[in-house]
Amino acid sequence: SRSDLVGEKQWYQRRVRGANSEIRASTALREVINNTIEQTANDLEAQRLRTEYAFRKRIHEVQMAKDELEWQQSNTKREIDVLMDDIRGLKQAITDKNKPLEVAETRSENRTYRPRVELCRDVPHDGLINEKNELQKTVSSLVDKHNTAEDALNQLKQTLNRIEEDIAV
């Protein structure tokens, strides 16, 4: 019958319109999805570039810090070598001054125990006492300098150890 045919035709046209509407909606959704995927890809690429830049920057900072520490290490080792040479020189100077001091002390002691008339305080005796006192002051000053140098050497060694620990990290 005709009414069945018209009904089928309308039903078919509604289905086609519905399908076309779904196709358009699907196409629009696909476009939105593609845009979202493209935006996400762009965002990920931008983040990758920022991350790479941050890594390069940090690597550069770490390398500069390491170079600085190695420079400090080299200078500290050089200072330690110079200070050790100074300490050896001070030890030698103390040794060199101790011998004349012993001689002056022995001569002074011998003059102190002279028999009767020979026991006197004269210019040579005063000169000997002054020489002995000057030598003692010199040795004392050298010992103080040696102790100060040893303290400085210990501090430099501690500094060098800290620098080497920092480099190892």
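Predicted model, so just to flag it, every value in this text is computed and none were measured. (Residues numbered from 1 in each chain as written. Predicted model: local features only at pLDDT ≥ 70, side-chain atom pairs only at ≥ 80, totals over all residues. Heavy atoms only, no water.)

I keep staring at the overall build of the protein chain and nothing clicks. Help me out?
Across its full length, the protein chain holds 2 helices and 0 strands. Relative to its length of 169 residues, the protein chain is extended, with a C-alpha radius of gyration of 48 Å against a globular reference of 15 Å. By principal-axis analysis of the C-alpha atoms, the protein chain measures approximately 170 × 20 × 20 Å. Just so you have it, the protein chain exposes about 13500 Å², and 54% of that area is on carbon and sulfur atoms. Charge separation in the protein chain, taken as the distance between the mean sites of 29 positive and 31 negative side-chain charges, equals 7 Å. (Helix = DSSP H or I, 4+ residues; strand = E, 2+ residues; numbered from the N terminus. Rg over C-alpha atoms; globule rule 2.2 N^0.38 Å. Areas by Shrake-Rupley, 256 points an atom, 1.4 Å probe, with all protein chains shown as cover. Lys, Arg positive; Asp, Glu negative; His and termini not counted. Charge placed at Lys NZ, Arg CZ, Asp CG, Glu CD.)

What's the story with the nonpolar core in this structure? I'm lost.
Where a protein is soluble and globular, its nonpolar side chains tend to be buried together. Ranked by size, the top nonpolar core spans 10 residues in total: Ile 80, Leu 83, Ile 87, Leu 90, Ile 94, Leu 142, Ala 149, Leu 153, Leu 156 and Leu 160. Mapped by element, the contributors of at least two residues to this core are helix H1 (2-112) and helix H2 (123-168). The contacts of Leu 156, once residues within four sequence positions are left out, are Thr 76, Glu 79, Ile 80 and Leu 83. If you look at the next biggest cluster of nonpolar residues, it comprises 5 residues, including Leu 101, Ala 104, Leu 135 and Val 139. (Core = buried A, V, L, I, M, F, W, Y, C linked by side-chain atoms within 4.5 Å. Buried < 20%, exposed > 50% of the residue type's maximum accessible area, 1.4 Å probe, protein only. Contact = heavy atoms within 4.5 Å.)

How should the environment of Gln 73 be read in this particular structure?
Within the secondary structure, Gln 73 sits in helix H1. The exposure class assigned to Gln 73 is buried, which follows from its relative accessible area of 16%. For the pair Gln 73 and Ile 167, spaced 94 residues apart in sequence, the C-alpha separation works out to 9.1 Å.

Explain the pattern of salt bridges here, please?
Enumeration over the complete set of coordinates arrives at 6 salt bridges. The partner of Arg 48 in a salt bridge is Glu 45, with the nearest N and O atoms 2.4 Å apart. Taken as a pair, Arg 48 and Glu 45 lie in helix H1 at a separation of 3 residues, close to a single helical turn. According to the relative accessible area criterion, Glu 45 is partly exposed, its value standing at 34%. The closest approach of N and O atoms between Lys 66 and Glu 70, which form a salt bridge, is 3.0 Å. Of this pair, Lys 66 and Glu 70 both sit in helix H1, 4 residues apart, which is roughly one turn of the helix. Taking the relative accessible area as the measure of exposure, Glu 70 reaches 32% and is therefore partly exposed. Each of the salt bridges in this network shares a partner with another, and the network as a whole consists of Glu 45, Arg 48 and Glu 52. (Salt bridge = Lys/Arg side-chain N within 4 Å of Asp/Glu carboxyl O.)

Could you clarify how one ought to interpret H2 in this entry?
Residue pairs spaced three or four apart in an α-helix point in one direction, given the helix's 3.6 residues per turn. Between the first and last C-alpha of H2 there are 66 Å, a value that for 46 residues agrees with the 68 Å anticipated at 1.5 Å per step. The complete set of buried residues in H2 reads His 125, Leu 128, Lys 132, Leu 135, Val 139, Leu 142, His 146, Ala 149, Leu 153, Leu 156, Leu 160 and Ile 163. (Expected span 1.5 Å × (residues − 1).)

Help me understand the side chain of Gln 73 in this model?
A polar atom in the side chain of Gln 73 sits 3.2 Å from the side chain of Glu 164. When sequence neighbours within four positions are dropped, the list of residues in contact with Gln 73 reads Leu 160, Ile 163, Glu 164 and Ile 167. (Polar contact = N/O pair within 3.5 Å; in protein donor to acceptor, adjacent residues only side chain to side chain.)

Hey, could you run me through the environment of Ala 104 in this one?
Here Ala 104 is to be found in helix H1. C-alpha of Ala 104 to C-alpha of Thr 36: the two residues are 68 residues apart in sequence and 99 Å apart in space. Excluding its chain neighbours within four sequence positions, the residues that come into contact with Ala 104 are Leu 128, Lys 132 and Leu 135.

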